[in-house]
Structures are given as C-alpha cells and as structure tokens.
Amino acid sequence: GDGWHEANPIVVWMAVAVLMAVVTDVASLLMIACGAAGALAKVSLSITSANVVGVLVGVTYGIEGVAIGMAVAAVVCVPLSLIVLARATLLPVAGVAWGVVRLTGAMCVAALLAHLVCADLAVGSAGRLLVAALVSAGSFLALVVIVPVRRDFQSLVQMGRAALRR
C-alpha cells in the first residue's frame, strides 16, 4: 500500500545485501564441500566483523544508514570470500564467480517478472504472494533452459549434495 513508500530505500539497500550474501553463501558451501573448514571460519569471522562495523557506523545515520552499512559490508565481503575460496580449494574462482552472477541474474529476472505481474493485481497480500512465488518459480525454471544457467544450477545442486554428504 501507500504506507510503504518510506521503506523503499531500505528495501533497495537490503536487496543489495541479500544479493551479495548469495555469493558469499555459495563460496561458503564450496568451502564446506571441499573440506576447507578453517578457511570458512576465517570468512565467517570476517563477514560477521564487517556486518558489525556496517551496523555500528550506519546506526549514527538512522535505519537507512544501517541498511547502507549492511549493503557495503556485503559488497566488501564478496571479493574476500572468493579470494579465500580460491586459495583454500584451488577451484577456478572466475568460473564460480560467473556462475554465481548468472544464477543471481536469473533470480533477479524471475523476481522482476513476479513484481511486474503482481504490481496491479486486485487481490490481497496473500494472493499477491502466491502469484509472485508461482511466477518467480516458473520464470526461473524457464531461464534454466538457457544452457550456461542450467549448467550453473546443476553444479550448484551437485556441490550442495556433496556438502550434505560430508
């Protein structure tokens, strides 16, 4: 509704933080799958420290400052995660990074399509949520038809399975 316009900047900054967290989470899963617990501990400590600093600096500027601090912390942690991943696992980080970018892009396209479809629906919040979930899932599955995205998705599933077996 109209009462949410003030939250828009906060949601945008938090969306940036979440997108960056996808990359660091994939790097963390790869470290787990490759048995690099020490490297994962260092990355986790660094991410936590960056988030604490982002919140402490941002709190002086209010809620939007906290959101910006969290987004900046998340952006700073992405290259750190990928560098540690490369050193700890000997994986081709450029390939992993591009795979993450393609999957994140596919998710963004799915979310944008869901937003566009739901923007003018004359249904309640629950109905919009259901339609958005269905459109997001359907469009993501449609994007998986694109060969590089499908390969990235398959690799992610395989790595997840390997991590669960450990």
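Conventions and cut-offs
Residues numbered from 1 in each chain as written. Predicted model: local features only at pLDDT ≥ 70, side-chain atom pairs only at ≥ 80, totals over all residues. Heavy atoms only, no water. Helix = DSSP H or I, 4+ residues; strand = E, 2+ residues; numbered from the N terminus. Buried < 20%, exposed > 50% of the residue type's maximum accessible area, 1.4 Å probe, protein only. Contact = heavy atoms within 4.5 Å. Areas by Shrake-Rupley, 256 points an atom, 1.4 Å probe, with all protein chains shown as cover. Lys, Arg positive; Asp, Glu negative; His and termini not counted. Charge placed at Lys NZ, Arg CZ, Asp CG, Glu CD. Patch = residues over 30% accessible without salt bridge, like charges linked within 9 Å, V, L, I, M, F, W, Y side chains within 5 Å. Salt bridge = Lys/Arg side-chain N within 4 Å of Asp/Glu carboxyl O. Expected span 1.5 Å × (residues − 1). pLDDT = per-residue confidence, 0-100. Core = buried A, V, L, I, M, F, W, Y, C linked by side-chain atoms within 4.5 Å. Arc of directions from axis to C-beta.

**Here's the deal with the overall build of the protein chain**
Right, so step 1: Helix and strand content of the protein chain: six helices and zero strands.
Right, so step 2: The N-to-C order of helical and strand elements in the protein chain reads α-α-α-α-α-α.
Right, so step 3: Looking at the 166 residues of the protein chain, the share that counts as buried comes to 30%.
Right, so step 4: In the protein chain, the share of contacts with a sequence separation of at least 24, taken over all contacts with a separation of at least 6, comes to 70%.
Right, so step 5: About 10,200 Å² of surface is accessible on the protein chain, with carbon and sulfur atoms providing 73% of the total.
Right, so step 6: Across the protein chain, the 9 positively charged side chains and the 6 negatively charged ones have centroids separated by 25 Å.

**Observations regarding a nonpolar patch on the surface**
Right, so step 1: Together, Val109, Leu112, Leu113 and Leu116 give the surface a local cluster of nonpolar side chains, amounting to about 350 Å² of exposed area.
Right, so step 2: Judged by its relative accessible area of 38%, valine 109 is partly exposed.

**Side note on helix H4 (residues 93-118)**
Residues that lie three or four places apart on an α-helix share one face, since the helix turns once every 3.6 residues.
Right, so step 1: End to end, H4 covers 37 Å across 26 residues, agreeing with the expected 38 Å (1.5 Å per residue, within 8%).
Right, so step 2: By the burial criterion, the buried members of H4 are Val93, Val96, Gly99, Val100, Leu103, Thr104, Ala106, Ala110, Ala114 and Cys118.

**Thoughts on the confidence of the model for the protein chain**
Right, so step 1: Residue-level pLDDT values for the protein chain average 82, and 95% of them are 70 or greater.
Right, so step 2: Looking across the protein chain, the model is least confident in helix H6 (residues 147-165), with a mean pLDDT of 73, and most confident in helix H2 (residues 37-58), with 94.

**Some remarks on the nonpolar core**
What tends to happen in soluble globular proteins is that the nonpolar side chains get buried as a cluster.
Right, so step 1: Judged by nonpolar contacts, the single largest core of 20 residues is most densely connected at Met31, Leu82 and Leu85.
Right, so step 2: Of all the elements in the fold, those that place two or more residues in this core are helix H1 (8-33), H2, helix H3 (63-89) and H4.
Right, so step 3: For leucine 85, the residues in contact, after removing those within four places along its chain, are Ala27, Leu30, Met31, Leu90, Leu91, Val93 and Val96.
Right, so step 4: With seven residues, the next largest nonpolar core counts Ala110, Leu143, Val144 and Val149 among its residues.

**Observations concerning H2**
Right, so step 1: For H2, spanning 22 residues, the distance from its first C-alpha to its last is 31 Å, which sits close to the expected 32 Å at 1.5 Å a residue.
Right, so step 2: Within H2, the full set of buried residues consists of Ala39, Leu40, Val43, Ile47, Ala50, Gly54 and Gly58. Taken end-on, H2 shows its buried residues confined to a sector of 95°, consistent with a single buried face. The outward face of H2, more than 90 degrees from its buried face, is lined by the exposed residues Ala37, Lys42, Leu45 and Leu56.
Right, so step 3: Packing partners of the buried residues in H2 comprise H1 and H3.

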